[in-house]
Structures are given as C-alpha cells and as structure tokens.
Amino acid sequence: MVFSTLMDKKERGFLDGQFLIAMPGLANSAFERSVIYICAHSQAGAMGFIINRGQQITFTDVLLHLKIMDSNDAIMLPNRTRDFPIQFGGPVETGRGFVLHSDDYSSESSIPVSDDISLTATLDIVRAISNGRMPQRATMLLGYAGWAPGQLENEIANNGWLNCPASEELIFDRSLDDKYERALALMGVDPRMLSAEAGHA
C-alpha cells in the first residue's frame, strides 16, 4: 500500500491511533512480538510503524548519508542530537525515513496523526533536529508496515493481532526490550496467557 495514498485519506478508520500487538501466531514472521502504531486506516488499507525494534544505524549515519553535514561537523553534535533514536519501522520502503513527533514541531509537510502526534517524512525535520530544533518527543523510523484493503481486518479476525488505544508514553519510550509486554499490560493481558489459536463459539 502506497504511503501517500493512505495519508491523503479524509476519513478516519476505527484503527487510527491504535496499537496492534502481535499474537503468538505471528511467531517466525517479520512481525513477531511487534507493537505497531497505526497512523492511517481506511478502505484504501492501513499503515503504521513498528515501535519496538531498534536499528544499528545512528542519527549521525543518517546525516552523513543525506549529506546534511560532513564528518567534521558531525563530531561537534551535542549528545542529545547524536543519540536521537532511529528504529526499524517496518518492511515497506526500508530506505525511507519517517519522524513521528509531538505536535510542538510543524512544517508544511507535517501530517497530524492524532491530537498530539504528527508525522513528517521530509528532510525539513531532519535538518531541524540536526540544528537542535527538535520536537519535545520524537523518533525516526526507517520503513513502515502496510496492508492492502481488507488485509488487516482479515488478520485481526484470524487472531493475528490484538488492538487497543495507543499510549503516547509507550510510542516515544526508548526502552524497547520490554515494550511488547508493556503494550499487552495496557490491556491487562499476560503474554503467557496468549494462544496462537483463534477461539470459535
């Protein structure tokens, strides 16, 4: 599903602003133990970002790759900028960067995702962060997760995902290792109690 098509949508889907939490049936897949923040859901499909997978690449690597600054300037970056978090957002367009951030930063290309969170996918925000003008809360994600029309609904019906309202605290929390368990805890679910089999009445 094309990112721009989904983000241009006018209506809000029932999964907008929700977490998707992978069920055990997704073990051994790209989404095993993943927590996904859904940014767009409509009849055209759905897209979101995995929020609990790290990346080996650093923000300095991104700046050098994009030729925003050279290695001499990069050495002078303050720690807060150098340590800006980079995560794996999903298996679609993995060479493309997206910044989820609090709404205290805005540019012409920023897209509101919720009342408090926006998404910017242009170099404007990367340059702003490199100059110390970063949002209060933000993370960069490389790639995204996308679903064709009806695909995600079918996966949920087949016990692939749990969904619950998203927590802004969890989205921007840099502690990734236990984020899956903490997302389940939002629903009062113990991961040991999950079953890979769908229930049938």
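A brief structural summary. Just so you know, these numbers come straight off a predicted model, no measurement behind them. Along each chain, numbering runs from 1 in the same order as the chain's sequence is written. In keeping with the model being predicted, local features are shown solely for residues with a pLDDT of at least 70 and side-chain atom pairs are shown and tallied solely at 80 or more, while totals for entire chains, interfaces and linings include all residues. With hydrogens and water excluded, all non-hydrogen atoms of the structure serve as input to the side-chain values.

Secondary structure elements are taken from DSSP: a helix is a run of H or I of four residues or more, a strand is a run of E of two residues or more, and numbering for both begins at the N terminus. The helix and strand inventory of the protein stands at eight helices and nine strands. With the radius of gyration taken over C-alpha atoms, the globule rule is written as 2.2 Å times the number of residues to the power 0.38. Radius of gyration (C-alpha) of the protein: 17 Å, near the 17 Å computed for a compact globule of 201 residues. Overall, the protein is about 65 × 35 × 25 Å in size when its C-alpha atoms are taken along their principal axes. Looking at the 201 residues of the protein, the share that counts as buried comes to 45%. Note on areas: Shrake-Rupley with a 1.4 Å probe; residue coverage comes only from the protein chains shown. Summed over all atoms, the accessible surface of the protein reaches about 10200 Å², with 49% contributed by carbon and sulfur. Classification of residues uses two cut-offs on accessible area relative to the type maximum, computed with a 1.4 Å probe and protein chains only: under 20% is buried, over 50% is exposed, and between them is partly exposed.

A few words on unusual backbone geometry. In this structure, R33 takes a positive phi of about 55° despite not being glycine. As for its placement among the helices and strands, R33 is situated in the loop between β1 (18–22) and β2 (35–42). Relative accessible area serves as the criterion here: at 37%, R33 is assigned to the partly exposed category. Positive phi is not limited to glycine here, since N159 has a value of about 70°. Topologically, N159 is positioned in the loop between α6 (151–157) and β9 (161–165). Since its relative accessible area comes to 17%, N159 is described here as buried.

Below, the discussion takes up a negative patch on the surface. Among the surface-exposed residues, D103, D104, D115 and D116 lie close enough to one another that they form a single negatively charged patch. Here D103 lies in the loop between β5 (92–102) and β6 (111–112). By definition, no residue in a patch forms a salt bridge, and every one has over 30% relative accessible area; like charges are joined within 9 Å, nonpolar side chains (Val, Leu, Ile, Met, Phe, Trp, Tyr) within 5 Å. Within this document, salt bridges are pairs made up of a side-chain nitrogen of Lys or Arg and a carboxyl oxygen of Asp or Glu, the two lying within 4 Å of each other. Charged-residue counts in this description rest on Lys and Arg as positive and Asp and Glu as negative, His and the chain ends being excluded. Charged groups are reduced to one reference atom each: NZ for lysine, CZ for arginine, CG for aspartic acid, CD for glutamic acid.

Let us now look at the packing of aromatic side chains. Aromatic contacts are taken between Phe, Tyr and Trp rings whose centres are within 6.5 Å, Trp giving its six-membered ring; a plane angle under 30 degrees counts as stacked, one over 60 as edge-to-face, and the others as tilted. Tallying each qualifying case throughout the model produces seven aromatic pairs. Ring centres of F31 and W147 lie 6.2 Å apart, and the angle between their planes is 20°; on these two criteria the pair is classed as stacked. Of the two residues, F31 sits in the loop between β1 and β2 while W147 sits in strand β8 (residues 138–147), which places them 116 residues apart along the sequence. The two residues F31 and W147 agree in class, both being buried. Consider the rings of F98 and Y144, whose centres lie 5.6 Å apart with planes at 85°: the pair is edge-to-face. Here Y144 lies in strand β8 and F98 lies in strand β5, a separation of 46 residues in the sequence. Taken together, the aromatic side chains of F31, W147 and W161 make up a single cluster linked through ring pairs.

Let's shift gears to the pairing of β8. The two faces of a sheet get side chains in turn, since along a regular strand they alternate between them. Here β8 lies mainly inside the structure; nine of its ten residues are buried. Strand pairing is assigned whenever DSSP detects at least two bridges linking the two strands. Bridge count between strand β3 (residues 45–50) and β8: three bridges; the pairing is antiparallel. Across the sheet, the residue bridging to M47 is G146, located in β8. Relative to β8, strand β4 (residues 86–88) is paired through three bridges, and the arrangement is parallel.

Next up on the list: the pattern of salt bridges. Using the criterion set out here, one finds six salt bridges in the structure. A salt bridge links D173 to R182, with the nearest nitrogen and oxygen atoms 2.8 Å apart. Judged by its relative accessible area of 25%, R182 falls in the partly exposed class. Through salt bridges that share partners, R137, E168 and E169 make up one connected network.

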